[in-house]
Number of protein chains: 2
Amino acid sequence: MTAPAPVPVDDPDDPRLADYTSLTDVALRRRVEPALGLFMAEGEKVIRRALHAGYPMRSMLLTPRWAEAMGDLVERADAPVYVVSPALAERVTGFHVHRGALASMHRTPLPEPGDLLATARRLVVLEAVNDHTNVGAVFRSAAALGMDAVLLSPDCADPLYRRSVKVSMGAVFSLPYARLDRWPGGLAAVRDAGFTLLALTPAEGARDIAEAVAADRDARVALLLGAEGDGLTPRALAAADARVRIPMAHGIDSLNVAAAAAVACYALAHPR
Amino acid sequence: MTAPAPVPVDDPDDPRLADYTSLTDVALRRRVEPALGLFMAEGEKVIRRALHAGYPMRSMLLTPRWAEAMGDLVERADAPVYVVSPALAERVTGFHVHRGALASMHRTPLPEPGDLLATARRLVVLEAVNDHTNVGAVFRSAAALGMDAVLLSPDCADPLYRRSVKVSMGAVFSLPYARLDRWPGGLAAVRDAGFTLLALTPAEGARDIAEAVAADRDARVALLLGAEGDGLTPRALAAADARVRIPMAHGIDSLNVAAAAAVACYALAHPR
């Protein structure tokens, strides 16, 4: 089967561009994944990673320069490819299209937490991280630093929101994740699956994370991290097996959640 | 001396608010610190940290709620305090004023690199990191994780730009920094001061950072990090004593520079 030829479009109201219209608003309304929704992949590298991960493409919106640079993808695409000027791309989407390439992708069903718990050895569990940049940054670091999966509390931001996808550089496609539907009740399933729940907190009295990890190098560990600002809720802290901290200096009282996640994942993957 | 009473202002064109006018544009033009320029501290916590670090205040712009909550600061201020409605604050500055408090602060002269090299044991050196969010995030992590100072290449973004200050949570005030005026020539002074220059790169052939650090636990170390995307330039890599990498998984080829800095600082501060 030969792919259909790319379609030049010069009308911002062309209904075929509906997926890309006013993305900033539409996407903001989609804080949690709709069952059969779509998501946006932005830039050549991220689009390739979404396809590689098996997400079906709905369509692509490319500027002429990128339609040429991504010629192999255009040829293989089994979805319409719309070619528009950079100005039209910005007018339709409402933002500057990074690297001249957007793809509208179908979401696929999320795995159940139990599916991930059955095979993972190292987990990141996020509570109420509702900043898309932080969610994306945590996924990128967690994937790079050897975590096997991510579990999200019900109120975490959507990893497939445009900004999360972009900041993660597509790591949201390669690192499996699931959403717990009860919180913190859903953590019981994590412990029942044999994981030690380590809650990250800057509080005094918490154990140095490197010591906690070294004390049981064969443990299956779930790192529990809370939102920027307030950190983990008392309920989540109470549900953990132990409280661990990253030693800090200069009177600084906390790290950004993405930095804390990076350091904690590294400490877990590389015990002393 | 009693501080002058707070001044209610309701005219967006009041010349006393000039420091706060169209900050987004003015600040963007100030990529590099002007010798006698100003900078913005945003939010109560960051304003307190700027004062604690000794920066002289020019004025404060507060909404009524925050003028009350920050009453002790208002009383001690030796600079005018303007009280404005949230709507006026947004109209004047051109952005939503986070937590209803802005302070215009005087810059102070930067130390010379030699001053920092004389006393520091652990340095972060940034090359061409021109994203203000990343600069702020690196400062926050570097301060929290025990670095003593930061050196910047001539083309790094301004740590006192509003967004850098905010993302750093004020760590740009507590962690001393200086700007090298030659690049990479200025790195010779770092090495002459007795530092081992470790260049972070995801390239194969680089040594595991934990091994490199463990091999000489008493070394004074400068961690050299490059910009998001391209990483360190070949010239900077060539000027380093060794190339080190953070081991990565899942086929991810790099970390965000702020995450890489956090992990590298942690690995340096906590050798195996």
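Residues numbered from 1 in each chain as written. Chains lettered and ligands numbered in written order. Predicted model: local features only at pLDDT ≥ 70, side-chain atom pairs only at ≥ 80, totals over all residues. Heavy atoms only, no water.

Per an unreviewed UniProt entry, chain A carries the name RNA methyltransferase and comes from Streptomyces radicis.

> Pulling in residues and values, what's your account of the packing of aromatic side chains?
Residues and elements named next belong to chain A. Evaluation of the coordinates by the stated rule reveals nine aromatic pairs over all chains. Ring centres of phenylalanine 139 and tyrosine 177 lie 5.4 Å apart, and the angle between their planes is 85°; this geometry places the pair in the edge-to-face category. Here phenylalanine 139, found in helix H7 (residues 132-144), pairs with tyrosine 177, found in strand E8 (residues 177-179); they are 38 residues apart in sequence, far enough to count as distant. Using a relative accessible area of 3% as the deciding quantity, one classes tyrosine 177 as buried. Connected via pairs of aromatic rings, a cluster forms that spans Phe39, Tyr55 and Phe173. (Phe/Tyr/Trp six-rings, centres within 6.5 Å; stacked < 30°, edge-to-face > 60°. Helix = DSSP H or I, 4+ residues; strand = E, 2+ residues; numbered from the N terminus. Buried < 20%, exposed > 50% of the residue type's maximum accessible area, 1.4 Å probe, protein only.)

> Can you lay out the relation of the copies chain B and chain A for me, pointing to particular residues and giving the numbers?
By a simple turn and slide, chain B fits onto chain A: the slide is 0.0 Å along the axis, the RMSD is 0.0 Å, and the turn is 180°. The transformation just described matches what one would write down for a two-fold rotation axis. By residue overlap, the copies meet face to face through one surface: 100% of the interface positions of chain B are interface positions in chain A. (Least-squares fit on C-alpha atoms with pLDDT ≥ 70 in both. Contact = heavy atoms within 4.5 Å.)

> Pulling in residues and values, what's your account of the domain arrangement of chain A?
Here chain A is partitioned into domain 1 (7-106) and domain 2 (113-269). Each of domain 1 of chain A and domain 2 of chain A was reduced to a C-alpha centroid, and the two centroids are 31 Å apart. (Domains from an automatic or database assignment.)

> For helix H5 (residues 86-93) of chain A, give the residues involved together with the corresponding values.
Given 3.6 residues per helical turn, the α-helix brings residues three or four places apart onto the same face. All names here are of chain A. Along H5, the residues that are buried comprise Leu88, Ala89, Val92 and Thr93. Buried residues of H5 fall within an arc of 115° about the axis and therefore sit on the same side. With respect to the buried face of H5, the exposed residues turned more than 90 degrees away are Pro86, Ala87 and Arg91. Just beyond H5, the residue with positive phi is glycine 94, at close to 90°. (Arc of directions from axis to C-beta.)

> Any chance you could break down the interface of chain B and chain A for me, citing the residues and the numbers?
The partner chain A presents 34 residues to the 34 residues of chain B that form the contact. Across the interface of chain B and chain A, roughly 2,600 Å² is buried in total on both sides, 57% from carbon and sulfur atoms. Among the residues chain B hides against chain A, the three largest losses belong to Arg140, His250 and Tyr266 of chain B. Together they make up 25% of the total. At the junction of chain B with chain A, the criterion picks out zero salt bridges. Where chain B touches chain A, the interface holds eight residue pairs in polar contact (both at pLDDT 80 or more). For the side of chain B that touches chain A, the secondary-structure elements that each account for two or more residues are helix H2 (44-52), helix H7 (132-144), helix H9 (171-174), helix H11 (209-215) and helix H13 (257-269) of chain B. Here the side of chain B that touches chain A gets five residues from one element, more than from any other, and that element is H13 of chain B. (Buried area = accessible area lost by both parts, 1.4 Å probe. Salt bridge = Lys/Arg side-chain N within 4 Å of Asp/Glu carboxyl O. Polar contact = N/O pair within 3.5 Å; in protein donor to acceptor, adjacent residues only side chain to side chain.)

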